[in-house]
Amino acid sequence: MKRKVLAAVLSITLFASLGVTGCSKDDGADAAGTGEITTETEEASETETAAADSEVKGDINGDGIFRVGFSELAIDGAWRVAQVESMESVAKEKGYEFVMANAELDTAKQLSDVEDLLAQDLDFLFIAPMDMEAIVPAIEAAKTKGVPVILLDREAAATAGEDYICTILSDYLWQGETCADWLNENGGSDSYKIVQITGKVGGSDVRDRQAGFETGVAKYDNMEIIATQSGEWSRTEAQKVMQNIIQSTGGDFNVVYCHNDEMALGVVLALKAAGMNPGTDVKVLAIDGQAEAVEAIIAGEINCIATCNPRFGPTAFETMEKYLNGENIDLIINNAEYIIDSSNAEEKLADAF
Amino acid sequence: MGKVSIEKRLRELFIATAVVAMAMSITISTIFYINNIIKTAKDNINATMDYNGAEINKIIAEGIEFLSILENDITIQQAIRENDFENEKGIYAQRISLNSYLRILANNYSEDMDGTYLLLDDGRSFKSSVYPFRNDDFQNKKWYQGIISQENIRYDFGYEGTRVISNIVYPCFSIGRQIRNYKTGEVVGIIIIEYKMEILKKIIEKNSSTINLDFSVCDEITDRDWDVLHNKFIEKDNTRREKLGIITLRQSLENGWIITAKSSWFQMIKRELLITGMIIFIGIIIITTASVIFAIRFSKAITAPLHEVLLHMENIDQDNLKKTIAINTKFIEMEKLVSGLNEMTSQINDLFEKGRMVEQDMRKAHFMALQAQINPHFLYNTLDHIAWQIRVNMYDEALASIIALAKFFRLALNMGEELITLEKELEHTNYYLQIQTARFKDEISYQMNMEMEQNKLKELVVPKFILQPLVENSIYHGIRDVGETGKITVSVREVDQYTYILIHDDGAGIPKEKLKSLNESLMKGEINNRDTDKGYGILNVNQRIKYLFGMDYGLVIESIEGKFTTVKVLLPLANIDSQIVQKHKIHK
């Protein structure tokens, strides 16, 4: 009798304790994270023909596959899409394996992206850095692993030729200065009160587009920058910023210079909303050259675009091959750029991205 | 079947009972527990699924609402109608402003949408996205024709890459609907909202962080499911059979898609099972140990008194029947057993006592009867003989006879004592022989040979009347039955540790068969022998000697028929204390 009671009590105790522990569940967080690391493996036949000729130059781990990594800071607009597509298509054309990571405008994520890429037995790495300073540990990590690095479209606070091979980028200073020169030649006004909408502060592009433009403005006595604000590279943000500037200045300006044409499109919207006529009352100068903006030149709402070619692929892989062949590489390589205005807009629309 | 001890059997039974009870309770509680876990898991999954389903439904509902906002929007309706442009400038200007307008609308409405597009049959296209359009004609696409050809909202589930814009490939789904020119009522194009499939993952991660679940979404048309957590397409699992250890639950979304949640309850409760196993293991050890200890104690509690009782019973004999046993036990039955045993032994003791008394009484009665039997007969004969002596004027002889008779009776009375010294017994016998030889003067002679020290004869105490009956037998059955003269010799001697008394007569002797039977009876100490009629006295004497001195002593008869008979009386040299005690006992 006693024993049965004991057994019953014990079993109840067991059950109760289990019931309690049963409530706590494992937090099975998915370690995969949200990072998009896409691997594009070419058709086997294509790579085989390339690899069959001779052993692949610069193949670090000797696995017969030349794997190129690309850490992109973001794919947040047409320019980036064009850049990634260009890199990818050239890599495919040349028979390299191409691995890409998207940092989604997050400096910390870009560091871990580079780590992830390096873990995939890379033979070469392209980085489009989000932040000049923050990217340095990633560059050092690649150097430690012996993976050569070429930076795309932005510089970094490390030593070119030592920590990394070189930077391929548009001549941002040229872009800024050319905008000022174009204004001087085609502005058709005696004096220019200029509003500058910059990109997100922190990149060498913002720094140089501002510096180049200010250098150009300094050359002409009739030009004055009355306001400089960041539009964060974004159309909607630029639109808001522009609205504020219009209100604070009472519309007392006749030029808006934007660090990219996406922001210029936002500015156009804001100006129209305020009853000002972009393209005539207010000249709109921009950089980049995406199709929508070129269309806006045709529509007469943007006046001038200094191109910033996103199609890095040919130059990037050419430079990489030069490096692998042991040729001398310039520390800074500039893409070829040009000016689009109403005179050549329809012609250049086909090249726009 | 072999016999086993109660203690062992009890122990085994108790342990077995405990183990069975334990096994049953563990099994039942485990089954109950696992069932409960599965049920809880199902409830949890259902709740999570309800929540996720609601969230996805909400996104879809928002999309539908946004579509209706767009198709009723004045700016958009105006843009649809304003399609007569002189040159491209107008087209581009319209596109720039409407793109920005769409973007602002979309951004303000919801962050979940990847892009909103207005695509018109006349080739105009407007987008909210920052990404450029694809360089192909959307009018020829199947999806476009599918949307424009039906009045209802059309959901396109899970395709790789966006349909309208050029972007890095990511999987999308879309909600689309035809749009009419409200003025003419004519269908002019479509509005379509694209979503990244990834937003499903975000919803589910937000709600399912505590449960290890595999969610997938599918519509019934496509042959692939969308694995939400891993953000990829998987082969559609059409076998809806529930696999062992996996819970699968399905729920329909409002737009007809199906959300599926799979969870391995085994994975979920793996850790709990491990803990359970350990607790059960510890429990088994504790319960087993407790059972064994309890079983041993319990069985001992029952068997220990039993053992005491057994020991008590083994020690019981005639001498300690009065001893009772006292046992400390809490079992009523045991108490009854012990008190019963005590009662029984005391009753047996009483019976023994009673028996002993009866036996003593019987023996006394025998003795008295014997005395009573002998005496009147002997007295009559002797007195008759004395009368004859007087009648024939043999006064001296008569006087001697009377004196001898008187002394004979004085010894026979002997103060009522049953025991008597051997000296007096011999004296008594001598008087008897004297009387008898006086009576049968011509027929009998006798001789007594005292070969032992007088002291020893004085000290040895023997039962009264052990020699007189033997001598009487020799006279009547040995000599007088033959009808010739005979001689009786009584010898007393010391041989080894025995006192030997031999009563020898040269009379008729005893037939061989009878002698053998008689000697056997004597050896066994029997009182009755059917084969002998004159043996009563002999067996009685023998039995009394054995009773006093033990089975080593008693009578042995040697005889050859027609020649002689010798009765050997074996007695000890001296009495031991108990015989003196016995003497007093008998006296009492």
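Higher on the page you've got the structure.
What comes next concerns the included structure. Per chain, residue numbering runs from 1 following the sequence as it is written. Chains and ligands are labelled sequentially in the order written, the chains with letters from A and the ligands with numbers from 1. Local features in this predicted model are restricted to residues of pLDDT 70 or higher, and side-chain atom pairs are both shown and tallied only at a pLDDT of 80 or more, whereas totals for entire chains, interfaces and linings draw on every residue. Processing note: side-chain calculations cover all non-hydrogen atoms of the structure and skip hydrogens and water entirely.

With that out of the way, let us pick up the overall build of chain A. Helical segments are the DSSP runs of H or I of at least four residues, strand segments are the runs of E of at least two, and each set is numbered from the N terminus. Assigned secondary structure in chain A consists of 12 helices and 13 strands. Relative accessibility decides the category of a residue: with a 1.4 Å probe and only protein chains considered, values under 20% of the type maximum give buried, values over 50% give exposed, and everything between is partly exposed. Each of the 353 residues in chain A was classed as buried or not, and the buried ones make up 53%. A separation threshold of at least 6 residues defines the contact pool for chain A, and within that pool the share at least 24 residues apart is 74%. Computed with the Shrake-Rupley method and a 1.4 Å probe, the accessible areas treat only the protein chains shown as cover for residues. Carbon and sulfur atoms form 49% of the exposed surface of chain A, whose accessible area is close to 14,600 Å². When checking whether two residues touch, look at their non-hydrogen atoms; a contact exists if any pair is within 4.5 Å.

Bringing the overall build of chain B into the picture now. On a plain count of helices and strands, chain B comes out with 14 helices and 17 strands. In chain B, buried positions account for 47% of the 588 residues. Within chain B, contacts between residues at least 6 apart in sequence are counted, and of these 66% link residues at least 24 apart. Split by element, the accessible area of chain B, about 31,400 Å² in all, is 55% carbon and sulfur.

If you trace the backbone, M551 of chain B turns up in the loop between α13 (535–549) and β16 (554–560). Considered as a pair, M551 of chain B and M523 of chain B are 28 residues apart in the sequence and their alpha carbons are 8.0 Å apart.

Residues and elements named next belong to chain A. Even without glycine at this site, D153 takes up a positive phi of about 55 degrees. Take D153: it is sitting in the loop between β5 (149–152) and β6 (166–169). At D288, a position not held by glycine, the phi torsion is positive, near 125 degrees. For D288, the position within the fold is in strand β10 (residues 283–288). You can call D288 buried: its relative accessible area is 8%.

The next point concerns the sheet that holds strand β8 (residues 232–235) of chain B. All names here are of chain B. In spatial order, the strands read β8-β7-β6-β10-β9; together these 5 strands make up an open sheet with antiparallel pairing. Each end of this open sheet is capped by a strand with a single partner; those strands are β8 and β9 (246–252). Going across the sheet, the axis of each strand differs from the next one's by a mean of 30 degrees, ignoring polarity. What counts as an axis is a line fitted to C-alpha atoms, over the stretch in contact for a helix, and the angles between N-to-C directions run from 0 to 180 degrees. Its contacts with the sheet put helix α1 (residues 6–71) on β6 (214–218), β9 and β10 (258–264), and the angle it makes with β9 is roughly 30 degrees. The pairing criterion is simple: DSSP has to find at least two bridges between the two strands.

With that settled, the discussion passes to the sheet that holds strand β17 (residues 564–572) of chain B. Residues and elements named next belong to chain B. Ordered by their spatial adjacency, 5 strands build an open sheet running β12-β14-β15-β17-β16, and the pairing between neighbours is mixed. Since the sheet does not close on itself, it has two edges, and those belong to β12 (444–450) and β16, each with one partner. Neighbour to neighbour, the strand axes of the sheet diverge by 15 degrees on average, direction disregarded. Across 7 bridges, β12 lies against strand β14 (residues 486–495) in parallel orientation. Residue pairing for β14: M450 is matched across the bridge by V492.

The terminal C-alpha atoms of helix α8 (residues 235–249) of chain A lie 21 Å apart, and with 15 residues this matches the ideal 21 Å at 1.5 Å per residue to within 8%. Inspection of α8 of chain A places R235, T236, A238, Q239, V241, M242, I245 and I246 of chain A among the buried residues, and these make up the whole buried set. The secondary structure elements touched by the buried residues of α8 of chain A are β7 (192–198), β8 (223–230), β9 (255–258), α9 (261–273) and α10 (291–298) of chain A together with α3 (88–109) of chain B. Downstream of α8 of chain A by a residue or two, G250 of chain A has a phi angle that is positive, lying close to 70 degrees. By this rule, a helix spans an expected 1.5 Å times one less than how many residues it contains.

Residues and elements named next belong to chain A. Taking 1.5 Å as the rise per residue, helix α3 (residues 78–94) with 17 residues should run 24 Å; its terminal C-alpha atoms sit 24 Å apart, in good agreement. Of all the residues in α3, the buried ones are A78, W79, R80, V81, A82, Q83, V84, S86, M87, V90 and A91. Contacts made by the buried residues of α3 are with β2 (67–72), β3 (97–102), β4 (124–127), β5, β10 and α11 (313–324). Phi turns positive, to about 85 degrees, at G95, one or two residues after α3.

All names here are of chain A. Burial within β7 is extensive, with 6 of its 7 residues counted as buried. Pairing of β7 with β8, which is carried by 7 bridges, proceeds in the parallel orientation. Bridged to V195 within β8 is A227. For the crossover from β7 across helix α7 (residues 204–219) to β8, the handedness is right-handed. Here β7 pairs with β9 via 4 bridges, running parallel. Each residue of the ladder has a partner; that of V195, found in β9, is V256. Orienting the strands away from the viewer, one traces the path from the first strand over the helix to the second; a clockwise path indicates a right-handed crossover.

Quick look at the pattern of salt bridges now. Pairing between side chains becomes possible if they bear opposite charge and their charged atoms approach one another. Between Lys or Arg on one side and Asp or Glu on the other, a salt bridge is scored when a side-chain nitrogen of the former is within 4 Å of a carboxyl oxygen of the latter. Scanning the model with the defined rule gives 34 salt bridges over all chains in all. Between E295 of chain A and R95 of chain B there is a salt bridge, with its nearest N and O atoms 2.8 Å apart. In this pair, E295 of chain A sits in helix α10 while R95 of chain B sits in helix α3, so the two residues belong to two different chains. Look at E295 of chain A and you get buried, because its relative accessible area is 7%. For the salt bridge of K568 of chain B with E558 of chain B, the shortest nitrogen-to-oxygen distance reads 2.8 Å. Of the two residues, K568 of chain B is situated in strand β17 and E558 of chain B in strand β16; the sequence distance between them amounts to 10 residues. By relative accessible area, E558 of chain B is classed as partly exposed at 35%. A cluster of three or more residues bridged by salt bridges with shared partners is formed by E72, R80, D153, R154 and D205 of chain A.

Function-wise, these values are silent; they only describe arrangement.
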